[in-house]
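# Remarks on the overall topology
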Amino acid sequence: MDVVAGVGVSFGAGVGTDVGTGDGIDTGTRYAPMQHRTQGSFEQVLQVLVFIYAVEEINLNPTLLPNVTLGYHIFDSCASEMKALQSTLSIMSQQNEAVPNYRCQSEGALVGFIGDLSSSTTYSMAQLLALYNYPQVNRFLQRIHFKTSSGHDIVFDDKGQVPAKYDILNWAFHSLSVLKVVKVGHLDLTAQPGQQLIINESAITWHVTFKRTPRSVCSESCLPGSRKAPREGKPVCCFYCVPCADGEFSNRTDMENCMQCPEDQWPNAKKDGCNKRVIVFLSYSDTLGVILFTVAIIFSAVTAGVLGIFLRHRDTPIVKANNRDLSYTLLTALILAFLCSLLFIGRPATWTCLIQQAAFGIIFTVAVSCVLAKTITVVIAFNATRPGSRLSRWLGSRVSGSIVLFCTLGEVTICLSWLLTAPPHPGTDIRSETGKMILQCDQGSVTAFYSVIGYMGLLASASFIVAFLARNLPDKFNEAKLITFSMLVFCSVWISFFPAYISTKGKYMVAVEIFAILASSAGLMGCIFIPKCYIILFRQDINTREHLTLHTHL
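Model, not experiment: these values are computed from the prediction.

## Topic: the side chain of Ser226
You can see Ser226 is positioned in strand 9 (residues 226-230). A distance of 2.7 Å separates the side chain of Ser226 from the backbone oxygen of Leu223, its partner in a polar contact.

In structure tokens, the structure reads:
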């Protein structure tokens, strides 16, 4: 059984090596046809001969690669990247004319390449060979350790690779015809760190045209804050310096890739390091937070005052009309609605994120349910006065209380499902504002969040429709006009809430929701109760049963 290995070398694009294995029998050295140009310099020819000699030494030594015979192909790249690629494909195709993706010989396997002396041609070869997963060594050379005839140790690692060991030579003409080669250092990757690269600069002789040490790259070094980007059609030592993208940094010279800052950090102005992100949330120390907090407290205090007025004048006709228990429940719900907006202010915590939306949804549902019950009470009360009507038995606190309880249970069910399946929790937003970390409550389930608001909107729409249809009923029993206007304000606020909420980020998104809570609560309280408070406090002369009865008959 024969196995073929390939390797590229010297001035050629590559050298293919044939490896033959047998049953302990030395099959001898079998060379593939060697192809090269005769115009090469003496040094290049010498390198080819050294390579051939090395292959023969390995094949003749039974302790190095037992039962394996090496062969090779040599091609001249002529210092041309195109020729190097063509020669590489020829080696892989196993014939002179390259046939990409095909191997035209059935015996053996190509196992490796040795690159050209030129870095540009070798780099082109490496890019092509990477597509075919070809390695400088192979599986036949794994974990091999031997000494050459000159006493040098050669060690192949688990991947079949040899740690680099190179002599650094200085070639200098001391006269027109005398070339002197001097060893000025070495590279040994097996040595201890700090001893791997040794260069004796004093032993280097530069050409007279060099006024200083020549640069090894054709581009200036990329400073921290940037990365190297290859220049198309240029050697690898030529590159552009590209600033790191937003959110990335580089802290060393000539980095090929920028790095990401940790989540709680952001690159500094020079992008050569990271700084802590600015923490952002709607706090009580913000001007916006202070304003919203003050408004919420004032409105809740005013609503509590209205509740006190209704309790003090609970026996007056205007308070008793349309079920005063519903009025007490509605005012209490509005006080809690104003106060629940405070849950949205301050640094998000687990408990505040968990209850803020559920509390808001349930409290508002109670309030809207009370309004719906009030509206239905208006309709029932008017129709109950007609001769022969049996609706009078539906008047009273039991029916209205059942409406509020039934409607509220629907919202409670939605909130419990939300909290049990995908509860809200503290989260961070590092993308909305550059260099900032926004602390906010992650809703957990956007569908559940909009379901809470949608259910509340459904009740508000029903209240508006019923109140609108009952707006012209006699004034003795009628709150329909006030409820119609209050529901119009309520629905307008929450309809405008959705686009505003979606288009804002961070603390302003939270502020939009607080504003919607305060505005809609104030609309309910102001439209329904302020006119009644005016009559109770300043028009006691019309807060009588006789006046209401007379006004009704008119």
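Additional details are given in the paragraphs that follow.
## Describing the state of the cysteines
The full count for this structure, using the stated rule, is 4 disulfides. Two residues, Cys222 and Cys241, share a disulfide whose sulfurs are 2.1 Å apart. The sign of the S-S torsion, about -95°, decides the handedness of the disulfide formed by Cys222 and Cys241: left-handed. Here Cys222 is found in the loop between strand 8 (197-199) and strand 9, whereas its partner Cys241 is found in strand 10 (residues 239-243), with 19 residues between them in sequence. Given a relative accessible area of 0%, Cys222 falls into the buried group. Two residues share a disulfide in this structure: Cys244 and Cys258, whose sulfurs sit 2.0 Å from each other. Its torsion about the S-S bond being -80°, the disulfide of Cys244 and Cys258 is classed as left-handed. Here Cys244, found in the loop between strand 10 and strand 11 (248-249), pairs with Cys258, found in the loop between strand 11 and strand 12 (259-260); they are 14 residues apart in sequence, far enough to count as distant. We classify Cys244 as buried; its relative accessible area is 3%. Its relative accessible area of 14% is what places Cys258 among the buried residues.

## A closer look at the sheet that holds strand 16 (residues 425-429)
With respect to topology, 3 strands assemble into an open sheet ordered 15-17-16, the strand pairing being mixed. Every interior strand has two partners, whereas the edge strands, strand 15 (278-280) and strand 16, have only one. Taken pair by pair, the neighbouring strands of this sheet meet at an average axis angle of 30°, ignoring direction.

## Focus: a nonpolar patch on the surface
A grouping of Leu169, Trp171, Phe173, Leu179 and Val181 is seen on the molecular surface, where their side chains present a nonpolar patch of about 510 Å² in accessible area. For the nonpolar patch, the elements supplying multiple residues, two or more each, are strand 6 (165-173) and strand 7 (179-188). Among the elements that make up the nonpolar patch, the one with the highest residue count is strand 6 (3 residues).

## Re the packing of aromatic side chains
Each aromatic ring pair is characterised by the separation of its centres together with the angle its planes make. Here the structure, examined in full by the defined rule, presents 16 aromatic pairs. Pairing Tyr534 with Phe538 gives two aromatic rings, centres 5.7 Å apart and planes at 40°, and the pair type is tilted. Here Phe538 and Tyr534 lie together in helix 11 (residues 507-538), a separation of 4 residues that amounts to about one turn. For Tyr534, a relative accessible area of 47% gives the class partly exposed. The class of Phe538 is exposed, set by a relative accessible area of 59%. Grouped by ring-pair contacts, the aromatic residues Phe360, Phe364, Trp418, Phe449, Tyr450, Phe490, Trp494, Phe497, Phe498 and Tyr501 constitute a single cluster. Stacked on the ring of Phe239, the Lys or Arg Lys228 has its end atom at 4.8 Å from the ring centre. Positioned over the ring face of Tyr240 is Arg231, at 5.2 Å from the centre of the ring.

## Observations concerning the side chain of Thr316
Structurally, the position occupied by Thr316 is in the loop between helix 4 (287-312) and helix 5 (317-320). A residue is classified by how much of its surface remains accessible, and Thr316, at 18% relative accessible area, is buried. Of note is the side chain of Thr316, whose polar atom sits 2.7 Å from the backbone oxygen of His313.

## Re the sheet that holds strand 8
Across the sheet, 3 strands lie side by side as 6-7-8; this open sheet has antiparallel pairing. Edge positions in the open sheet fall to strand 6 and strand 8, since each of these has one partner strand only. Geometrically, the sheet is characterised by an average inter-axis angle of 25° between neighbouring strands, direction not taken into account. Two strands pair when backbone bridges link them, and strand 7 and strand 8 are joined in this way by 3 bridges, in the antiparallel orientation. In the strand pairing of strand 8, His186 is matched with Ile198.

## Focus on empty space enclosed by the protein
Its volume calculated, the largest cavity comes out at about 200 Å³. Around the largest cavity, the lining comprises 19 residues; the ones closest to its centre are Phe344, Gln356, Gln440, Cys441 and Val510. Of all the elements, helix 11 adds the most residues to the lining of the largest cavity, at 4 residues. A class-by-class count of the residues in the lining of the largest cavity yields 10 nonpolar, 7 polar and 2 charged.

## Topic: unusual backbone geometry
Positive phi outside glycine occurs at Asp254, with the angle close to 60°. Mapped onto the elements of the fold, Asp254 is located in the loop between strand 11 and strand 12. The class of Asp254 is partly exposed, set by a relative accessible area of 28%. Although it is not a glycine, Lys271 adopts a positive phi angle of roughly 60°. Relative to the elements of secondary structure, Lys271 occurs in the loop between strand 13 (265-267) and strand 14 (274-276).

## Regarding the nonpolar core
Formed by 69 residues in total, the largest nonpolar core has its most connected members in Phe310, Phe360, Phe490 and Trp494. Every element with two or more residues in this core is listed here: helix 4, helix 5, helix 6 (324-340), helix 7 (350-384), helix 8 (397-421), helix 9 (446-469), helix 10 (480-503) and helix 11. The biggest single contributor to this core is helix 11, with 14 residues. In this structure, Phe310 is in contact with Val319, Ser327, Tyr328, Leu331, Phe529, Lys532, Cys533 and Ile536, ignoring residues within four places of it in sequence. Counting 10 residues, the second-largest nonpolar core is a separate cluster that includes Ala84, Ile91, Met125 and Leu128.

Rules used throughout
- Residues numbered from 1 in each chain as written.
- Predicted model: local features only at pLDDT ≥ 70, side-chain atom pairs only at ≥ 80, totals over all residues.
- Heavy atoms only, no water.
- Helix = DSSP H or I, 4+ residues; strand = E, 2+ residues; numbered from the N terminus.
- Polar contact = N/O pair within 3.5 Å; in protein donor to acceptor, adjacent residues only side chain to side chain.
- Disulfide = S-S within 2.5 Å.
- Buried < 20%, exposed > 50% of the residue type's maximum accessible area, 1.4 Å probe, protein only.
- Pairing = 2+ DSSP bridges.
- Axes fitted to C-alpha atoms, helices over the stretch in contact; angles between N-to-C directions.
- Patch = residues over 30% accessible without salt bridge, like charges linked within 9 Å, V, L, I, M, F, W, Y side chains within 5 Å.
- Areas by Shrake-Rupley, 256 points an atom, 1.4 Å probe, with all protein chains shown as cover.
- Salt bridge = Lys/Arg side-chain N within 4 Å of Asp/Glu carboxyl O.
- Phe/Tyr/Trp six-rings, centres within 6.5 Å; stacked < 30°, edge-to-face > 60°.
- Lys NZ or Arg CZ within 6 Å of the ring centre and 35° of its normal.
- 1 Å grid on protein atoms, 1.4 Å probe; cavity = no way out; pocket = protein on both sides within 12 Å on 5 of 7 lines; lining within 4 Å.
- Points joined across faces, edges and corners; volume = space filled by probe spheres on them.
- Nonpolar A, V, L, I, M, F, W, Y, C, P; charged D, E, K, R; others polar.
- Core = buried A, V, L, I, M, F, W, Y, C linked by side-chain atoms within 4.5 Å.
- Contact = heavy atoms within 4.5 Å.

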